[in-house]
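# Structure assessment
Residues per chain are reported as follows:
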Amino acid sequence: MLFFYIRHGDPIYDPDSLTPMGHLQAAAVAKRLAQHGIDRIYASTSNRAMLTAQPTCELTHKEMTTLDFANEGHVWREFTVPRAEGGVTWAFYDHEYRALFASPEVRALGDRWYDHPKLVQFKAGMLRVYDEVDAYFASLGYEHERYTGCYRVTKHSDERVALFAHQGFSMAFMSALLDIPYPQYCLHYDMGHSDFTAINFVEHDGWAIPKVMTMSNDSHLYREGLPTLYNGEARF
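From a predicted model like this one, the values you see are computed outputs, not experimental measurements.

Criteria and thresholds
Residues numbered from 1 in each chain as written. Predicted model: local features only at pLDDT ≥ 70, side-chain atom pairs only at ≥ 80, totals over all residues. Heavy atoms only, no water. Salt bridge = Lys/Arg side-chain N within 4 Å of Asp/Glu carboxyl O. Buried < 20%, exposed > 50% of the residue type's maximum accessible area, 1.4 Å probe, protein only. Helix = DSSP H or I, 4+ residues; strand = E, 2+ residues; numbered from the N terminus. Contact = heavy atoms within 4.5 Å. 1 Å grid on protein atoms, 1.4 Å probe; cavity = no way out; pocket = protein on both sides within 12 Å on 5 of 7 lines; lining within 4 Å. Points joined across faces, edges and corners; volume = space filled by probe spheres on them. Nonpolar A, V, L, I, M, F, W, Y, C, P; charged D, E, K, R; others polar.

So, about the pattern of salt bridges. Counted by the stated rule, this structure contains 11 salt bridges. Residue E85 is joined to R83 by a salt bridge in which the shortest nitrogen-to-oxygen separation is 2.7 Å. The class for E85 is exposed, based on a relative accessible area of 60%. Between D179 and R146 there is a salt bridge, and its shortest N-O distance comes to 3.1 Å. Here R146 lies in the loop between strand 8 (142-145) and strand 9 (150-153) and D179 lies in the loop between helix 7 (167-178) and helix 8 (182-188), a separation of 33 residues in the sequence. Summarising the burial analysis for this pair, D179 and R146 share the class buried.

In this fold, A198 is placed in strand 11 (residues 196-204). Judged by its relative accessible area of 6%, A198 is buried. Sequence separation between A198 and N231 is 33 residues, and the spatial gap between their C-alpha atoms is 20 Å. Beyond its immediate stretch of four places on either side in the chain, A198 contacts F3, F4, K211, V212, M213 and T214.

Let's shift gears to the layout of surface pockets. Roughly 280 Å³ of internal volume is contained in the largest pocket. Mapped by element, the contributors of at least two residues to the lining of the largest pocket are helix 7 and helix 8. Within this model, the second largest pocket holds a volume of roughly 200 Å³. Along the walls of the second largest pocket sit 15 residues, with Q25, H193, P227, L229 and N231 positioned nearest its centre. Elements represented by at least two residues in the lining of the second largest pocket include exactly helix 1 (20-34) and strand 13 (229-230). Taken together, the residues of the lining of the second largest pocket break down into six nonpolar, six polar and three charged.

Take a look at the structure:
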């Protein structure tokens, strides 16, 4: 199985939608994914994710299946912290939590990072994501042996599967999928608008280990002459 994770296009968060640029990005990534075909298309129940998925559905003549567990609202409630100036932000954007994520004591905890007394607030959310992600891949024929990075193949698949979702959700989702502790994943990986990550479930002797083939790829934007401006921060 070849699995694609795609972040939604440039968003309007309130009301939940896409900017004109976001719609162009969605059309561009649809052309990229349709080049070799897609067998299944999933999307978060967020409107911005579904709008990003729609052009791919139209080009490939596939129906969209929505997944509420992929809606960013759930992890927003579970993985955000108060800001000194008011409101809340993702823990991975907060200076103090970033320093804690990178600390030797948190790294030493490995997969049990959430047992750190200052991070235990995230434990229930992380365990929920573990269960949801494992159930999702089990439905695709891959049963996760957690903390080993291995999946038991219960149903061989040559399908190409796409999930359209979010940046904040991707941190927890990819951490769960790849068995990389959440603090380390948040510190070292990210996704731009409409960027896609491709993961190949390579099967041997009834087992599969997901291998990342490309990460946060924006080749579709370059192909269509759209700005390759990463989250408004850097061009490359």
